[in-house]
Amino acid sequence: MKFKKFGNTEQRVYDLVRPITDELGYYLWDVCYVKEGAMWYLRIFIDCDEGITIDDCERATRPIDEALDAADLISQSYMLEVGSAGLERALVKEEHFEICQGDEVRVHFIRNIDGEKEVTGTLVSADRENVIINDGESERTFALADISFVKLNFEFE
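The paragraphs below set out a description of the structure included in this document. These figures come from a predicted structure and were not determined experimentally.

## Here's the deal with the nonpolar core
So, point 1. Core analysis: the largest hydrophobic core is formed by 23 residues, its most contacted members being Val13, Leu42, Ile44, Ile46 and Ile64.
So, point 2. Put simply, the parts of the chain that give this core at least two residues each are helix 1 (8-24), strand 1 (27-36), strand 2 (39-47) and helix 2 (54-71).
So, point 3. Core analysis: the second largest hydrophobic core is formed by 19 residues, Phe109, Val131, Ile133 and Ile147 among them.

See below:
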């Protein structure tokens with residue numbers, strides 16, 4: 001696993017959209033510009049302490065869409081989707097790991113490590129080399145190179 005770096009389009013969209021989401025009281029979690037089949041999708045993921053509702057997504061979509069149209073950053077046609085980052089969102093950027101220190105996470109490995117394909121625990125810290133998790137018994141360090149993904153872990157009751 002490597003920390004995500006924005007492509008040129010994603011970075012320009014992030015820079016344009018961030019002041020809008022900040023003004024609306026949302027945290028801009030991620031921007032993804034991907035081609036699926038014949039269509040391009042621009043996905044903007046937002047969050048806030050109270051959680052994100054459909055109304056929040058609608059409230060953010062209008063000004064974001066207007067700003068994107070005015071800036072004309074993307075030449076080809078695309079579908080704009082504004083949505084919640086989700087309860088079990090992936091941590092993909094360095095700042096995600098900083099924000100989520102102390103939260104319960106699920107670490108999935110590329111291949112078994114000590115007989116385990118996945119571990120859960122409290123995120124202690126992360127850097128460009130390692131992720132440190134407290135599994136309730138001890139702190140364990142895992143190399144980013146061995147990790148497929150890290151997601152917030154939410155237990156449904």
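## Concerning unusual backbone geometry
So, point 1. For Asp72, which is not glycine, the phi dihedral falls at a positive 50 degrees.
So, point 2. Within the secondary structure layout, Asp72 lies in the loop between helix 2 and strand 3 (79-84).
So, point 3. Classification of Asp72 by relative accessible area gives exposed; the value is 59%.
So, point 4. Of note in the backbone geometry, Asp114 takes a positive phi value of approximately 50 degrees without being a glycine.
So, point 5. Within the secondary structure, Asp114 sits in the loop between strand 4 (104-113) and strand 5 (116-126).
So, point 6. On the accessibility criterion, Asp114 (69% relative accessible area) is exposed.

Procedures and definitions
- Residues numbered from 1 in each chain as written.
- Predicted model: local features only at pLDDT ≥ 70, side-chain atom pairs only at ≥ 80, totals over all residues.
- Heavy atoms only, no water.
- Core = buried A, V, L, I, M, F, W, Y, C linked by side-chain atoms within 4.5 Å.
- Buried < 20%, exposed > 50% of the residue type's maximum accessible area, 1.4 Å probe, protein only.
- Helix = DSSP H or I, 4+ residues; strand = E, 2+ residues; numbered from the N terminus.

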